[in-house]
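Structural overview
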Amino acid sequence: MGTLSETLNRWFGPATPNELSQTQRAALIDALVFAMMADGEEAASEYKEIMESGASWDGENTLAAFVSESKGRAADAMSAKENAEAYCGDISRRLEDEEARERTYELAARLVCSDGEVDPAERGLMSMFIRAFGIAEDRAVQLSAKAHEKYDIT
């Protein structure tokens, strides 16, 4: 299991002080699916990481069904910049708190870096996440530094 999956499973796993609500889990998955789709390529490894993350998914639908619906939401958001910004704002509201927003940003950074390159569309999305999530630029650099280092992104 990959690093992202292990991290997500620790976060989604049995009750911890930082356990996410189902609303927050859904927002996290929406953010990761949006990050996966940002470059126009849906890598099988990225999809697998998202699917392996759902250890404690307890939504009305299966995780696979939710991810499929999330792809549709992301595609709609990608149709125009204002739609993407609104969708990022919606994800931020559903994440509910600073810790969930920062952790989601960090996981999205790992996902976009996992193929060894970050294309302009992915950089643009990560910038939208920074703004929508209210993350300070220096904090965003700290949160994404491990992913950049691990995948040798400059």
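Throughout this document, residue positions are counted from 1 along each chain, in the order its sequence is written. Totals for whole chains, interfaces and linings use every residue, but because this is a predicted model, local features are given only for residues with pLDDT of at least 70 and side-chain atom pairs only at 80 or more, for both listing and counting. Where side-chain values are given, they derive from all heavy atoms of the structure, hydrogens and water being excluded.

A word on the overall build of the protein chain. The helix and strand labels rest on DSSP assignments: H or I over at least four residues marks a helix, E over at least two residues marks a strand, and numbering proceeds from the N terminus. Across its full length, the protein chain holds eight helices and zero strands. Ordering the α and β elements of the protein chain from the N terminus gives α-α-α-α-α-α-α-α. Each residue is placed in one exposure class: buried if its accessible area under a 1.4 Å probe, protein chains only, is under 20% of its type's maximum, exposed if it is over 50%, and partly exposed if it falls in between. Residues counted as buried form 46% of the 154 residues belonging to the protein chain. When the accessible area of the protein chain is evaluated, it comes to approximately 7,600 Å², of which 49% is carbon and sulfur surface. Methods summary: accessible areas were calculated by the Shrake-Rupley approach with a probe of 1.4 Å, and residue burial reflects only the protein chains presented.

Right, let's talk about the environment of Ala27 for a bit. Assignment of secondary structure puts Ala27 in helix 2 (residues 22–37). We classify Ala27 as buried; its relative accessible area is 0%. Between the C-alpha atom of Ala27 and that of Ser92, which follows or precedes it by 65 residues, the distance is 7.6 Å. Setting aside residues up to four positions removed in sequence, Ala27 forms contacts with Ile91, Arg94 and Leu95. Only heavy atoms matter for contacts: two residues are in contact if any of them lie within 4.5 Å across the pair.

The next point concerns the pattern of salt bridges. Every case where a carboxyl oxygen of Asp or Glu lies within 4 Å of a side-chain nitrogen of Lys or Arg is listed as a salt bridge. Tallying each qualifying case throughout the model produces ten salt bridges. For Glu85, the salt bridge goes to Lys81, with nearest N and O atoms at 4.0 Å. With Glu85 and Lys81 both in helix 5 (residues 81–95), this residue pair falls four residues apart, about one helical turn. Three or more residues joined by partner-sharing salt bridges are found here, namely Asp30, Arg73, Asp90 and Arg94.

Now for the packing of aromatic side chains. Pairing of aromatic rings covers Phe, Tyr and Trp, the last through its six-membered ring, and needs centres within 6.5 Å; plane angles under 30 degrees mean stacked, over 60 mean edge-to-face, and all others mean tilted. Throughout the structure, instances matching the rule amount to four aromatic pairs. Ring geometry for Trp57 and Phe66: centres 4.9 Å apart, planes at 45 degrees, overall tilted. Taking relative accessible area as the criterion, Trp57 reaches 15% and is therefore assigned buried. A centroid spacing of 5.0 Å and a plane angle of 15 degrees characterise the contact between Phe129 and Phe133, whose relative ring orientation is stacked. Within this pair, Phe129 and its partner Phe133 are both found in helix 7 (residues 120–133), separated by four residues, close to a single helical turn.

Each axis is a line fitted through C-alpha atoms, taken for helices only over the stretch in contact, and angles between the N-to-C directions span 0 to 180 degrees. Their axes nearest at 9 Å, the elements helix 2 and helix 4 (residues 63–77) cross at an angle of 55 degrees. As the angle between them shows, helix 2 and helix 4 are arranged oblique. Relative to helix 4, helix 2 is oriented so that their crossing is right-handed. Touching Ala26, Ile29, Asp30, Val33, Phe34, Met36 and Met37 of helix 2 are Leu63, Phe66, Val67, Ser70, Lys71, Arg73, Ala74, Ala75 and Ala77, all from helix 4. Charged means Asp, Glu, Lys or Arg here, nonpolar means Ala, Val, Leu, Ile, Met, Phe, Trp, Tyr, Cys or Pro, and polar covers whatever is left, Gly included. Counted by class, the contact of helix 2 with helix 4 contains twelve nonpolar, one polar and three charged residues. For this classification, under 35 degrees means roughly parallel, over 145 means roughly antiparallel, 65 to 115 means roughly perpendicular, and everything else is oblique. Left-handed describes a crossing whose near helix is turned anticlockwise from the far helix by less than a right angle; the clockwise case is right-handed.

Interhelical geometry of helix 4 versus helix 5 gives an angle of 135 degrees and a closest axis separation of 7 Å. The pairing of helix 4 with helix 5 is recorded here as oblique in orientation. Within the contact between the two elements, helix 4 uses Ser70, Arg73, Ala74, Asp76 and Ala77 and helix 5 uses Asn83, Ala84 and Tyr87. When its residues are assigned to classes, the contact of helix 4 with helix 5 shows four nonpolar, two polar and two charged.

Right, let's talk about the confidence of the model for the protein chain for a bit. Known as pLDDT, the predictor's confidence for each residue is given on a scale from 0 to 100. Summing up the model confidence of the protein chain, the mean pLDDT is 88 and the portion of residues at 70 or higher is 86%. By mean pLDDT, the top-scoring element of the protein chain is helix 5 (98), and the lowest-scoring one is helix 1 (residues 3–12) (60).

For the purposes of this section, nonpolar cores are sets of buried Ala, Val, Leu, Ile, Met, Phe, Trp, Tyr and Cys residues that join through side-chain atoms within 4.5 Å. The biggest cluster of nonpolar side chains holds 45 residues, and the ones touching the most others in it are Ile29, Val33, Phe34, Ile50, Tyr105 and Phe129. At the level of elements, helix 2, helix 4, helix 5, helix 6 (98–113), helix 7 and helix 8 (137–150) are the ones that each hand at least two residues to this core. It is helix 2 that provides the largest number of residues to this core, a total of eleven residues.

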